[in-house]
Amino acid sequence: MKRRAFINNISAGIILPTILGVNKLMAAEQAESFIDKLLPAPVGGGFMMDDYWVWDPSVIKGDDGKYHMFASRWPKSIGFGNWVTNSEIVRAVSDTAAGPYTFAEVVLPARGKNFFDGCVTHNPRITRYHDKYLLYYMGTTYDFKRPDNKEDVWADGRAQRAWMNKRVGLAVADSLTGPWKRMDSPIIQPRPGKWDASITSNPSPVVLPDDSVYLMYKSSSHDHHPPLLLGAALSKHGYEGPYTRLSEEPVFKFHSNKNKENDVEDPFVWWAGNRFELIMKDRFGLICGEEGGGIHATSPDGITWKLSRPVKAYSRTIKWSDGTVTKQANFERPFLLFENGRPTHLFAATGTGPKLYDVDRTWNMVIPLK
């Protein structure tokens, strides 16, 4: 498809599959389950740091033949909930996709409260754009002292203040080792009075065949309480923007006025050659049947999405390479590594503990795909 036609069609929301007819496409979608692609997870794979909470895996193979993981971390000397006040994005390296990954450097440190991302960087998503590397992320700032102990920042309101300042940012580099040039302003802002009035966060970018960039993001109408909602935007002329909404409404809406606790987050979106696909977290388990489990969906245009059948994409119950089976406290921020155009590994932030978000350690794990 020519560049102009591709842009015009996606902006109008009318891109259709180019290889399979719609009926055949949907039939194939129903016959194949994403979760069936998952192989046992290698014990000791992924990325862990003893003195840090680790989260948000995003992996790319470099020109050096090594695998580079961009991740979030914050000290274990403070609470797990302090991601919203203390997180920073780092890079780790491995000779193999499965790891283990070794810490290399801090990529996006705190840079001053006067910047929109001056206190926190989180939610990294790395992708390549010709000879450039694009690092999308969430940044925030706040007006109080940086927490340095295990005080509950959610109990006294500090976390909520930092949460409301979350914005999607972009850093660009010629090399995976930097230097990274951050944009001074967020690439997409909240819209007062709209469904996405509170924040912009959890970016999931897709570089499309015509060099435009599709971006899915998370927001809500008021604050951090459910429902959390997902929107879609497009930068038609490269990665610098502007990122224009493709729909005035969220692209997913599962809640009702009676039950607001039914929503999704953590999308990972990709262009499969003839359609968009995504996997994301079912926060309350009312869609896939498991709280914190994953769901799979497809779309011809990135706006109108159809849940797959079966819908479940992954589970918090993990089969390991040594034959053991565990139920993880969390399994979030899914990310797919693609090589030669095909997904080869699923990465996710995970942790051990008695229940969701009650964790004693966290790391970024990896699951090879069939």
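Residues numbered from 1 in each chain as written. Predicted model: local features only at pLDDT ≥ 70, side-chain atom pairs only at ≥ 80, totals over all residues. Heavy atoms only, no water.

Caption draft 1: Region of the structure containing the sheet that holds strand S7 (residues 167-173). With respect to topology, four strands assemble into an open sheet ordered S5-S6-S7-S8, the strand pairing being antiparallel. What marks the edges here is a single partner per strand, and that holds for strand S5 (120-129) and strand S8 (181-182). In the sheet, strand S6 (residues 132-140) pairs with S7 via seven bridges, with the strands oriented antiparallel. Looking across to S7, one finds that Leu 135 is bridged to Ala 171. (Pairing = 2+ DSSP bridges. Helix = DSSP H or I, 4+ residues; strand = E, 2+ residues; numbered from the N terminus.)

Caption draft 2: Representation of the pattern of salt bridges. All told, the structure shown has 23 salt bridges when counted by the stated rule. Of the charged contacts, one joins Glu 248 and Arg 191 as a salt bridge, the two residues approaching to 3.2 Å between their closest N and O atoms. Note that Glu 248 is positioned in the loop between strand S12 (243-245) and strand S13 (264-271) and Arg 191 in the loop between S8 and strand S9 (201-207), a separation of 57 residues in sequence. Note on Glu 248: relative accessible area 47%, which makes it partly exposed. (Salt bridge = Lys/Arg side-chain N within 4 Å of Asp/Glu carboxyl O. Buried < 20%, exposed > 50% of the residue type's maximum accessible area, 1.4 Å probe, protein only.)

Caption draft 3: Layout of the pairing of strand S15 (residues 294-299). A large share of S15 lies buried, amounting to six of its six residues. Both faces of S15 are covered, namely the face carrying Gly 294, His 296 and Thr 298 and the face carrying Ile 295, Ala 297 and Ser 299. Of the pairings in the sheet, the one linking strand S14 (residues 276-282) to S15 comprises six bridges and is antiparallel in character. Along S15, the bridge assignment pairs Leu 278 with Ala 297. Pairing between S15 and strand S16 (residues 306-314): four bridges, direction antiparallel. The partner of Ala 297 across the bridge, within S16, is Leu 307.

Caption draft 4: Structural detail: the sheet that holds strand S19 (residues 330-339). An order of S19-S20-S21 is seen for the three strands of this open sheet, with the pairing classed as antiparallel. Strands with a single pairing partner mark the edges of an open sheet, and in this sheet they are S19 and strand S21 (361-368). Adjacent strand axes in the sheet meet at a mean angle of 20 degrees when their direction is disregarded. Here eight bridges tie strand S20 (residues 342-352) to S21, and the two strands are oriented antiparallel to one another. Each residue of the ladder has a partner; that of Gly 351, found in S21, is Thr 362. (Axes fitted to C-alpha atoms, helices over the stretch in contact; angles between N-to-C directions.)

Caption draft 5: View of the packing of aromatic side chains. Enumeration over the complete set of coordinates arrives at 20 aromatic pairs. For the pair Phe 252 and Phe 254, a centre-to-centre distance of 6.0 Å together with 15 degrees between the ring planes defines the contact as stacked. Classification of Phe 252 as buried rests on a relative accessible area of 6%. The partly exposed category is assigned to Phe 254, whose relative accessible area is 24%. The ring of Trp 53 is capped by Lys 76, whose NZ or CZ atom sits 4.9 Å from the centre of that ring. Arg 111 extends its terminal NZ or CZ atom over the ring of Phe 115, reaching a point 4.1 Å from the ring centre. (Phe/Tyr/Trp six-rings, centres within 6.5 Å; stacked < 30°, edge-to-face > 60°. Lys NZ or Arg CZ within 6 Å of the ring centre and 35° of its normal.)

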